[in-house]
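# Structure at a glance
What follows is each chain in one-letter form.
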Amino acid sequence: MTNKLKFESKDGSRRDFLTLLTASSITVGGIAMTWPFLNSLYTQDITVENSFVDIDISSLQAGQQITFTWQNYPIFILNRTKTILEHLQDKTLRTRLRDPDSKELQQPAYTQNWHRSIEPEIIVMVGVCTHLGCIPTLKLRDTLDGYYNCACHGSKFDLAGRVFQGMPAPYNLAIPPYRYLKPTVIRVGENPKGHDFDIHSVQQI
Ligand code: FES
């Protein structure tokens with residue numbers, strides 16, 4: 001189902017965006033909100049400012065993405081196929097990326113790895129271009145491979161949110177704090193035990 005969401009950026013300007021939700025339910029700050037008409041199309045304004053959001057990814061198939069808001073940021077959760085994961089490790093791809101090893105502080109330590117996530121298949125990202133804050137679009141080719149494209153000034157990111165060289169965007173897409181409540185439920189906004197990553201510590205969103 002498609003929702004029109006509103007969020008407020010760091011600079012205080014409001015933006016609208018369209019998002020595709022395929023999760024069966026979302027829990028916001030402990031209150032469950034369930035949309036009964038999965039895969040149906042409608043528009044709704046939602047503003048979420050709670051400290052955490054729980055996302056049920058049990059219906060998220062390989063090659064599909066969920067988009068929702070957390071702390072006024074659009075958040076992407078993408079289920080990556082084996083082919084995508086193989087491509088992320090491709091040596092040629094790495095030479096085309098600005099920060100292939102995620103050395104810049106744009107993610108929690110527990111996602112500073114080649115897949116930029118806790119579980120390799122599932123990536124959670126802040127869907128805000130690090131150039132001037134537009135929302136990149138997922139461009140997927142038959143679930144085999146793809147990239148994120150920012151239509152505002154042409155920045156491109158791979159499917160781990162790593163920016164390509166020579167783009168206006170100076171940093172990889174940020175990764176928010178998150179942890180698994182169970183294998184099919186992700187809590188965005190809380191770190192795994194023993195970690196204290198703060199999204200506001202990143203170089204740029
Ligand atoms: S805001 Fe994305 S390229 Fe400028």
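Residues numbered from 1 in each chain as written. Predicted model: local features only at pLDDT ≥ 70, side-chain atom pairs only at ≥ 80, totals over all residues. Heavy atoms only, no water.

## Thoughts on the overall build of the chain
Scanning the chain from N- to C-terminus turns up two helices and 14 strands. Every one of the 205 residues in the chain was classed for burial, and the buried ones make up 50%. Within the chain, contacts between residues separated by at least 24 positions form 59% of all contacts whose residues are at least 6 apart in sequence. With the model as given, the accessible surface of the chain reaches about 9,500 Å², and the carbon-plus-sulfur share is 50%. (Helix = DSSP H or I, 4+ residues; strand = E, 2+ residues; numbered from the N terminus. Buried < 20%, exposed > 50% of the residue type's maximum accessible area, 1.4 Å probe, protein only. Contact = heavy atoms within 4.5 Å. Areas by Shrake-Rupley, 256 points an atom, 1.4 Å probe, with all protein chains shown as cover.)

## Notes on the side chain of Asn 191
Inspection of the secondary structure puts Asn 191 in the segment after β14 (185-188). With relative accessibility at 17%, the residue Asn 191 sits in the buried group. Among the polar contacts listed, one links the side chain of Asn 191 to the side chain of Tyr 110, at a separation of 2.5 Å. Here Phe 197 takes part through its backbone oxygen, which lies 2.9 Å from a polar atom of the side chain of Asn 191. Leave out the neighbours within four places in its chain, and Asn 191 touches Tyr 110, Pro 177, Tyr 178, Arg 179, Asp 196 and Phe 197. (Polar contact = N/O pair within 3.5 Å; in protein donor to acceptor, adjacent residues only side chain to side chain.)

## Remarks on the packing of aromatic side chains
Inspection of every chain in the model, using the stated rule, returns four aromatic pairs. Geometrically, the ring pair formed by Trp 70 and Tyr 73 is tilted, given 6.4 Å between the ring centres and 45° between the ring planes. The residues Trp 70 and Tyr 73 share a single accessibility class, namely buried. When the ring of Phe 76 is compared with that of Tyr 148, the centres are 5.4 Å apart and the planes differ by 5°; the resulting orientation is stacked. Taken together, the residues span a long stretch of sequence, with Phe 76 in strand β8 (residues 73-79) and Tyr 148 in strand β11 (residues 145-149) at a distance of 72 residues. A residue is classified by how much of its surface remains accessible, and Phe 76, at 2% relative accessible area, is buried. (Phe/Tyr/Trp six-rings, centres within 6.5 Å; stacked < 30°, edge-to-face > 60°.)

## Remarks on the pairing of strand β13 (residues 178-182)
It is a general feature of regular strands that their side chains alternate between the two faces of the sheet. Looking at chain direction, β13 and β14 are connected through four bridges and run antiparallel. Within β14, the residue paired with Lys 182 across the bridge is Val 185. (Pairing = 2+ DSSP bridges.)

These values are about where atoms sit, not about what they do.
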